[in-house]
Each structure stands twice: as C-alpha cells, then as structure tokens.
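The chain contents come next:
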Amino acid sequence: MKLRKSTTGQERSTRRAGRAALWLAAACLSLLPGCMPDGSGYAGRDSSVKGVSVQPVRSDRAAQQAFRLVNDERGRRGLQSLARRADLDAIAYAHARDLMRMNRLSHSSSDGRQLENRLSRLDWEWAGENLARNKGYDSPAREAVKGWIASPKHYENMFRGDFSQTGMAALYDPDSGFTYFVQVFITPVE
C-alpha cells in the first residue's frame, strides 16, 4: 500500500510540484510466497478461546534482519539507506500485533483504520506499508524480504527513492507458528 497524506490548501502549497495525486496501491498479498493464509480462514481469534494465547513474541532480531536486508537491497540499487524510527517501529508493531490477533494480513486494522489513520499524529508527505507472514523457514526475515522483492507493489515501496524513514516490526505467534512482518515507509514533510 502506498498513499499521500491529505493536506490543506496552505500545506499543499509547500509540497513539491508534481505530487498532486493520491496513490493507493494495496498489495496482492495472496500472490506472495510465504505470505499465504494457512487455510484456517480469516476468522479473528479471541483470547478467551481455550488454548489460544494470542501472546506474541516480539522478534527484534527478525525485525533488525529484515530492516538490514531491505537496506542492503536498496544499496545495491544505488538508493540511500532508510533511517529507522522508534515511533514508526511502534506503529508497525501495533499493526503486526493486530494482524496476529485477526490471524490474517490486511492493510486495514481490526477497527477499520488504514495506514493514514495509524500515522495521523506524524508529519509525512508519502507513506507505504509492506506486510508479510510466513512459517517454517530458517530465516523468516529473508523469506519476507524475498517475497516483497517478488511482488511489484511491495517492490515499489522498498525501492521508492523518496522514502527515507521506516519502521519495522516482526512478531512470532507461538500458537500458529507464523511470524508477522510489518514495514512502514514515509517521506517526511520538507
């Protein structure tokens, strides 16, 4: 998913020329290797269900590895490295936790909020989001990044030259065995 923040007329005048359109590209997640639903459906999980803990294990090592792999790939293409921000990490983590609870991948949160709503307290011009979930791999981060590279919409987010800041989260769900990845990209307002 990629989008542009809505602005007032005064704010719009400060934007770079040529950026008048709102771009919204939802990734076709079902085509990504390692990101397909496990066949159990899209029903949300309730922590009151016996045997379902819905307690994620925050995987900072996997998040750091995915972040490094994305920057390595950007470097190979002559692009600047993304700067990681703690506030964007927190937004990515909250969405990853929500996805894990819902047992699905979606750019909409369980309460219907989109990326622009989750970023509403920040100042940004363009934003994008990549999602992945996988299980059964020695390196879930490597598989997530490989899947993003193979998907045109995810690829576009990863290698967009004006995205300069990012947040990354990885959560492991011990109940399902899935690792969920969320990467948020922004172009800050200049």
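All figures in this text were calculated on a predicted structure; none of them were measured in a lab.

### Let's talk about the nonpolar core
- Core analysis: the biggest nonpolar cluster contains 22 residues, and L88, L99, L119, V182 and V184 have the highest contact counts within it.
- The greatest single-element share of this core, amounting to 8 residues, is contributed by helix α3 (residues 86-102).
- Other than its neighbours up to four places away in sequence, L119 contacts L88, I91, W124, A127, V184 and I186.
- Among the nonpolar cores identified, the runner-up in size contains 20 residues, and A62, L82, A170 and F185 belong to it.

### Considering the packing of aromatic side chains
- Scanning all chains against the criterion turns up 3 aromatic pairs.
- Of note, R77 hangs over the ring of F159, and the distance from its end group to the ring centre comes to 4.1 Å.
- Above the face of the F67 ring, R84 is positioned so that its terminal group lies 5.4 Å from the ring centre.

### Things to note about the packing of helix α2 (residues 60-76) against helix α5 (residues 140-150)
- Their axes nearest at 8 Å, the elements α2 and α5 cross at an angle of 40°. Two packed elements cross with a definite hand, and for α2 against α5 that hand is right-handed. Counting all contacts with α2, which are made through A62, Q65, A66, L69, V70 and E73, the residues of α5 involved are A141, R142, V145, W148 and I149.
- Here the contact of α2 with α5 is built from residues that sort into 8 nonpolar, 1 polar and 2 charged.

### Concerning the side chain of S164
- Relative to the helices and strands, S164 is located in the loop between α6 (152-158) and β5 (165-172).
- Since its relative accessible area comes to 17%, S164 is described here as buried.
- Excluding its chain neighbours within four sequence positions, the residues that come into contact with S164 are Q80, S81, L82, A83, I186 and P188.

### Section: the pairing of strand β6 (residues 179-188)
- Burial within β6 is extensive, with 9 of its 10 residues counted as buried.
- Inspection of the sheet shows strand β4 (residues 124-134) paired to β6 by 10 bridges, in the antiparallel sense. Residue pairing in the sheet places W126 in a bridge with T187 of β6.
- As paired elements, β5 and β6 share 8 bridges and run antiparallel to each other. By the bridge assignment for β6, Q165 is matched with I186.

### Some details on the confidence of the model for the protein chain
- Per-residue pLDDT for the protein chain has a mean of 78; in total, 71% of the residues score no lower than 70.
- For residues 6-52, every residue scores under 50 in pLDDT, and the model assigns this stretch 84 contacts once sequence neighbours within four places are set aside.

### Brief notes about the pattern of salt bridges
- Applying the stated rule across the entire model yields 9 salt bridges.
- Residue D72 pairs with R68 through a salt bridge whose shortest N-O separation is 3.7 Å. Taken together, the residues span about one helical turn, with D72 and R68 both in helix α2 at a distance of 4 residues.
- The exposure class assigned to D72 is partly exposed, which follows from its relative accessible area of 33%.

How each quantity is defined
- Residues numbered from 1 in each chain as written.
- Predicted model: local features only at pLDDT ≥ 70, side-chain atom pairs only at ≥ 80, totals over all residues.
- Heavy atoms only, no water.
- Core = buried A, V, L, I, M, F, W, Y, C linked by side-chain atoms within 4.5 Å.
- Buried < 20%, exposed > 50% of the residue type's maximum accessible area, 1.4 Å probe, protein only.
- Helix = DSSP H or I, 4+ residues; strand = E, 2+ residues; numbered from the N terminus.
- Contact = heavy atoms within 4.5 Å.
- Phe/Tyr/Trp six-rings, centres within 6.5 Å; stacked < 30°, edge-to-face > 60°.
- Lys NZ or Arg CZ within 6 Å of the ring centre and 35° of its normal.
- Axes fitted to C-alpha atoms, helices over the stretch in contact; angles between N-to-C directions.
- Left-handed = near helix turned anticlockwise from the far one by under 90°.
- Nonpolar A, V, L, I, M, F, W, Y, C, P; charged D, E, K, R; others polar.
- Pairing = 2+ DSSP bridges.
- pLDDT = per-residue confidence, 0-100.
- Salt bridge = Lys/Arg side-chain N within 4 Å of Asp/Glu carboxyl O.

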